[in-house]
Amino acid sequence: MSDPDPETWKDHYSARERVRLVVETLTEPATIKDIADEAAVAWATADSELEALLAENNVKKYTQDGTTRYDTNPVKLFLDEILDLINENSREELENSLVNATQQLEELQAEFNVDTHDELRGLLVEEDLTAAEMRNVQNAASTWSALETDSRLIKHALQLYDDVTTLSEGGDHIAVA
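Residues numbered from 1 in each chain as written. Predicted model: local features only at pLDDT ≥ 70, side-chain atom pairs only at ≥ 80, totals over all residues. Heavy atoms only, no water.

## Concerning the pairing of strand 1 (residues 59-64)
Here is step 1 of the chain: Two strands pair when backbone bridges link them, and strand 1 and strand 2 (residues 67-72) are joined in this way by 6 bridges, in the antiparallel orientation. Across the sheet, the residue bridging to Lys60 is Asp71, located in strand 2.
Here is step 2 of the chain: The turn linking strand 1 back onto strand 2 is made up of 2 residues, and Asp65 within it adopts a positive phi angle of 55 degrees. (Pairing = 2+ DSSP bridges. Helix = DSSP H or I, 4+ residues; strand = E, 2+ residues; numbered from the N terminus.)

## A short note on the packing of helix 2 (residues 15-24) against helix 3 (residues 32-39)
Here is step 1 of the chain: Following both chains from N to C, one finds helix 2 and helix 3 inclined at 115 degrees, their axes separated by 9 Å at the closest point. Once helix 2 is placed against helix 3, the crossing between them reads as right-handed. Of the residues in helix 3, those in contact with Arg18, Val19, Val22 and Val23 of helix 2 are Ile35, Glu38 and Ala39.
Here is step 2 of the chain: Residues that form the contact of helix 2 with helix 3 fall into these classes: 5 nonpolar, no polar and 2 charged. (Axes fitted to C-alpha atoms, helices over the stretch in contact; angles between N-to-C directions. Left-handed = near helix turned anticlockwise from the far one by under 90°. Contact = heavy atoms within 4.5 Å. Nonpolar A, V, L, I, M, F, W, Y, C, P; charged D, E, K, R; others polar.)

## Observations concerning the layout of surface pockets
Here is step 1 of the chain: One number sums up the size of the largest pocket: a volume of about 190 Å³.
Here is step 2 of the chain: Together, Arg20, Val23, Glu24, Leu53, Asn58, Val59, Thr72, Asn73, Lys76, Leu77 and Asp80 line the largest pocket.
Here is step 3 of the chain: Put simply, the parts of the chain that give the lining of the largest pocket at least two residues each are helix 2 and helix 5 (74-88).
Here is step 4 of the chain: Across the lining of the largest pocket, the residue classes break down as 4 nonpolar, 3 polar and 4 charged. (1 Å grid on protein atoms, 1.4 Å probe; cavity = no way out; pocket = protein on both sides within 12 Å on 5 of 7 lines; lining within 4 Å. Points joined across faces, edges and corners; volume = space filled by probe spheres on them.)

This is how it looks when you write it as structure tokens:
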């Protein structure tokens, strides 16, 4: 979690919006207290909003080391991302994005003479590299990972594109519950 300026947040967002924003940026499960502190809200406000988010299936509740923690619902986030891609792009735009991502992956494969992300990461320990070369490999591996993720999402969006757009055109609203 990051440390936003509570005074700026209070000027622009309600307490409940701040809780939702904090939850959306969680990188690991957090307690109500942690979320309340980050959102600059009372514990009761965070608890109430987390219960609402739980009812909406936007968060998952975990017990870790005897402490209740909350985290984003990865399945819902995944489906929301796919629906966003479909709603914000035409089929042609998605296809072009997939081609571009594939082309960038192929360029990384050629540049580093590897076939997989793991092989690229392996260069860090297999080769005698300078710090700058290591940083270059790390950056390329991060880019590779992001491109693979984008490609998977785009492929899922393309697979569902006609179904979602047909339902949307019929007046049905697609919502991920």
